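Fold and geometry: a report
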Amino acid sequence: MFAPRLFGSGKIRGGVHPDGRKDATSDRPILTNLPLPSRLYVPLNQHSGDDALPLVRPGDRVLKGQLIGKASGRVSASIHAPTSGTVLAIEAVTMPHPSGLPAMAVIIEPDGDDRWIEIPTPPDPFSLDPDVLASKVEEAGVVGMGGAIFPAAIKLRQGRRFEIQTLIINGSECEPFLTTDDRLMQERADEIVEGTRLIRKIIEAYRAVIAIEDNKPAAIAAIQAAANKVGAIEVMVVPAHYPMGSAKQLIQAVTGLEVPAGKRSNDIGVLVHNVATAWAIQQALVYGKPLLSRVTTVAGACVAQPQNVEVLFGTPIEHVFKVCGGLTGVPARLLMGGPMMGQILPSLDVPIIKGSSGVLALSKAEVNAHTSSPCIRCARCVDACPMGLVPLEMARNSRADKLDAAQEFGLRDCILCGSCAYVCPSHIPLVQYFEYAKGELADRRSSQQKQEYTKGLIDARKERLEQERLAKEAAKAAKEAAKAAKDAARAAAKAEKEAAQAKTQHPESTTTSPADNCVREEQP
Amino acid sequence: MNSITHELPLRAAPHAHDRSSVDRIMLKVCLALSPATAYGLYLFGWPAIILFVVTLLAAVATEALCLRLAGLPLQRLLDGSALLTGWLYAATLPPWAPWWIGAGGVAFGLIVGKHLYGGIGQNLFNPAMLARVAVLISFPVQLTTWVNPMPLGSELAPGFVDALAIIFANADYAAHLSAAPSGVDAMTGASWLGASKVAVGAGTDVGQWLAADFPLTAAFSGHIRGSLGETSALLILVGGLWLIWARVISWHIPASMLGMLSLCAWLASHFNGHLFPGPLFQLTTGAAMLGAFFIATDYVTSPASATGKLLFGAGCGLLLFTIRSWGSFPEGVAFAVLFMNALTPLIDRFIKPRAYGRTLGGKTLKHSDMRKIV
């Protein structure tokens, strides 16, 4: 084992400093207990991995917190009813993704009572076994809420298999506009710190650090005060520097270590969870509450009252905007997530899901709508890349479909943070090229796997046929040998008989008998 | 779940931008060039102004023609790249060169050096330097005639009409001057680089000669014979440092190019002062400063990585020293830059930044490597 390095310099390579634009929402409290929408569209896949299996049928009555989708497959997460009501249908709805592709969802008509399913008072989580705690996190359907939406329990169990030096709780929130983690840290600091302690208990980390960017002084103060109460939790202030919130970059800033290419942070003894995930884990373990809602930043110049709201999963985005005073004018762009990595929304009907950190309605002045011009090789993208890659060459090769060369220039390590495209004076949509190239490579890999599988089958068949042929030949040879032996024996017997007869007639000819020769040849 | 409520463009993230643009970059470079050029125009008067304007107009006209022929939108003219090529080329010309040297050269540079490669961003060589070398080889007489400084408004300076005759009709202004009552013998002379080359050839002790005659302060401030926009090392330095401060260019190429030139010149003059001028002479004469800050730093034709840039600049400096010391031309900035331009794709192929989580060679980082790096 290498000597652990506990302290990083707080710095990352490259990166950019986009205009934060967080003031509109960072000082306003989270709006909770929103009026219920007339329908909730709860997708069965709000996580990375396989769809949850629906446990309800149209017409069923469900209670708040009731399990309606069971995790199935190797990577999956459970889905619970966000409120009480009636299941209207289980059908495909448009998902918050630019493709507008549909996915299966449980459509619930709320009854307005918001009646909870009965939850037994859980035992003190600090007295429980870590594996039991991980299972409880799994049952609560908690996923990574910073954007990765990877099932949290799987990550915790992975962490248990490694010697974790440092648990990092990510409160950096480097995306412009978004203040959901900021508000959560300001308002629910004790819960986050307790969640951090619980995660630390589960993975048995030596050290737990809550890392917060220096542009959130109120959150830093709140978390520091909460951490001081319990001790043993460090608060590290990192510079506001995009993409500080990316796990690899934050690990570098906090520990000074780099995650080796193609490896996981576990391999260098680090595990990163988002502050909102820490909060959700605390709610699940201390109160037994499944994950039913999240805090989302609603912002952008086209929102009348920008603020953070705690929204039930499945709430249509249109309803969320309505709660925030509606839209003022037609937005130039509607996004889910921040402006650096967020995705364009195909419609206002799409639901809020577990990974929705923000919904933005941006005005024309807030978006980049320039058409692109040719690359002038200014290499600003090279300076801005936090991964040390060469985006201009990656794009040039991706455009020419030279994907191997694009991989060599860094496509294989690209985290799609968009720093390169943010600084490109030619307004080239670099990330779009990289996403295309990555998709193309994935296709090639899978078709190659298919080919290899088919080739394996063909080879196996060839070998089988060859073995059959050999077996047949061997059998034939054996048969022939047996026959030959028989013949030879017969010939020998005959020869002996003849010799015996001849002896009686011409005794001198014994040694030159042709039958003698014949027998010698036939019997190797 | 029915209506698609908005006509939204499908576009990948990021949706924000730092508001930089190609035209703004080109504008900043022009702005940084302008003090030195303005001083040159003042120093060499109306003929220089006319040559400068003609060259710029020719550059824009050629660009427009090429864009049209390539079927590209004429808005591309607004990126300012052709203007900058014309400007840089004009800055390296003898101040009173005939109009066709300016117009023809820049047209050649833009057509052959840029648009035949596919236009902006695609060219292998710096178009301005390609044009400079082409006219230097083709018309050596016109390209080595250096007029004495005759600032605007001074007694000997030609007026606007005289200037038109000088630039467009090749008028013999020297004859006009010698006929004047003040009786000026010589209007032109060799550049300092040319003179030092001649001195070396004649067996003069260069070190002694320069120590006695070379006006270092004038060479630094710019009141000296030389090209239209490159006489004032001081003003070019100011513009170049501003470009670095404004993050338009990085320090790597200017520092390594000037550093390598100075190092070579210092070593050579230290060991053989009779034959080799010292670093201050090398830095303040010819196109060394202009080349280091404005020509070698051309984005398209220089490497992308910081290490690559250092190597590129050092190569330019070394070649510049070599050509100035032993080549047949007194000045070598254009040749040195073009040669290194040709090596740029190779440099970019082999010199890349170290990627996160990998060794410099591109292998996955091991724990033992990490201890070395952190």
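Worth saying up front: this structure is predicted, and the values here are computed from it rather than measured. (Residues numbered from 1 in each chain as written. Chains lettered and ligands numbered in written order. Predicted model: local features only at pLDDT ≥ 70, side-chain atom pairs only at ≥ 80, totals over all residues.)

1. A few points about the interface of chain A and chain B
Operational definition: Each residue is represented by a C-beta atom placed from its backbone, and any two residues with such atoms within 7 Å are regarded as in contact. Secondary structure follows DSSP: runs of H or I at least 4 residues long count as helices, runs of E at least 2 residues long count as strands, and numbering of each begins at the N terminus.
Listed per partner, the contact involves 63 residues of chain A and 43 residues of chain B. Those elements giving two or more residues to the side of chain A that touches chain B turn out to be β6 (85-94), β14 (333-336), β15 (343-344), α11 (391-399), α13 (419-423) and α14 (430-505) of chain A.

2. Here we look at the environment of C66 of chain B
Note that C66 of chain B resides in helix α1 (residues 22-69). Other than its neighbours up to four places away in sequence, C66 of chain B contacts L110, I111 and H115 of chain B.

3. Observations regarding the UniProt feature "binding site: [4Fe-4S] cluster 1" (unreviewed entry) in chain A
The line we're drawing: UniProt positions are given in the numbering used here, feature names are shortened, and annotations may be inferred rather than shown by experiment. Residues with at least 20 other C-beta atoms within 10 Å of their own are called buried, those with 12 or fewer are called exposed, and the rest are partly exposed. The C-beta atoms themselves are positioned from the backbone.
As recorded in UniProt, the feature "binding site: [4Fe-4S] cluster 1" (unreviewed entry) lies at C375, C378, C381 and C424 of chain A. These annotated residues cover 50 residues of sequence, but their C-alpha atoms sit close together, with the largest distance between any two at 10.7 Å. Within the fold, C378 of chain A resides in the loop between β16 (358-362) and α10 (380-384). By C-beta crowding, C378 of chain A is classed as buried, having 23 other C-beta atoms within 10 Å. Those residues within four positions of C378 of chain A in sequence are excluded, and the remaining contacts are P425 of chain A together with I25 and Y299 of chain B. By secondary structure assignment, the location of C424 of chain A is in the loop between α13 and α14. Excluding residues within four positions of it along the chain, C424 of chain A makes contact with R380, C381 and L430 of chain A.

4. Quick look at the domain arrangement of chain B
For interface size, the figure often reported is the accessible area lost on association. All names here are of chain B. This is how the line gets drawn: Boundaries of every domain are those given by an automatic assignment or by a domain database.
Domains assigned within chain B are domain 1 (22-190) and domain 2 (191-224 + 249-374). The C-alpha-based centres of domain 1 and domain 2 are spaced at 25 Å. Counting from both sides, the interface comprises 21 residues of domain 1 and, opposite them, 19 residues of domain 2. Where the side of domain 1 that touches domain 2 is concerned, the elements lending two or more residues are α1, α2 (81-91) and α4 (127-138). Considering each element in turn, the side of domain 1 that touches domain 2 owes the most residues, 5 residues, to α4.

5. Topic: the sheet that holds strand β13 (residues 307-312) of chain A
Residues and elements named next belong to chain A. Stated precisely, the cut-off is as follows: Here, any two strands with at least 2 DSSP bridges between them count as paired.
With mixed pairing, 5 strands are arranged side by side in an open sheet as β13-β12-β16-β14-β15. For this open sheet the edge positions go to β13 and β15, each flanked by a neighbour on one side alone. Pairing of β14 with β15, which is carried by 2 bridges, proceeds in the antiparallel orientation. Paired with L335 across the two strands is I344, which belongs to β15.

6. Looking at the pairing of strand β9 (residues 207-213) of chain A
Residue and element names in this part refer to chain A. Within β9, 6 of the 7 residues are buried, which leaves the element mostly enclosed by the surrounding structure. Judged from the 6 bridges that link them, strand β8 (residues 166-171) and β9 form a sheet pairing that is parallel. Each residue of the ladder has a partner; that of I168, found in β9, is V209. Bridge count between β9 and strand β10 (residues 233-238): 6 bridges; the pairing is parallel. When the sheet's bridge partners are listed, I210 is paired in β10 with V235.

7. Side note on α1 of chain B
Residue and element names in this part refer to chain B. To keep it simple, the criterion reads: Expected span of a helix, by definition, is 1.5 Å for each gap between consecutive residues, and there is one gap fewer than residues. At every residue, the bend is computed as the angle between two fitted axes, covering the seven residues ending there and the seven beginning there respectively.
Taking 1.5 Å as the rise per residue, α1 with 48 residues should run 70 Å; its terminal C-alpha atoms sit only 22 Å apart, a clear shortfall. Of all the bends in α1, the greatest, near 130°, is centred on G45, and the proline P47 appears no more than four residues after it. Within two residues after α1, G71 carries a phi angle of roughly 70°, on the positive side.

8. Focus on unusual backbone geometry
Residue P243 of chain A follows Y242 of chain A across a cis peptide bond; omega there is -5°. Relative to the helices and strands, P243 of chain A resides in the loop between β10 and α7 (247-255). A cis amide bond links A13 of chain B with the next residue in sequence, P14 of chain B, at an omega value of -5°. Along the chain, P14 of chain B falls in the segment before α1. In the Ramachandran plot, D401 of chain A falls in the positive-phi region, its phi being about 60° despite a non-glycine side chain. In this structure, D401 of chain A sits in the loop between α11 and α12 (403-408). Of note in the backbone geometry, N170 of chain B takes a positive phi value of approximately 55° without being a glycine. Residue position: N170 of chain B is located in the loop between α5 (160-169) and α6 (173-178).

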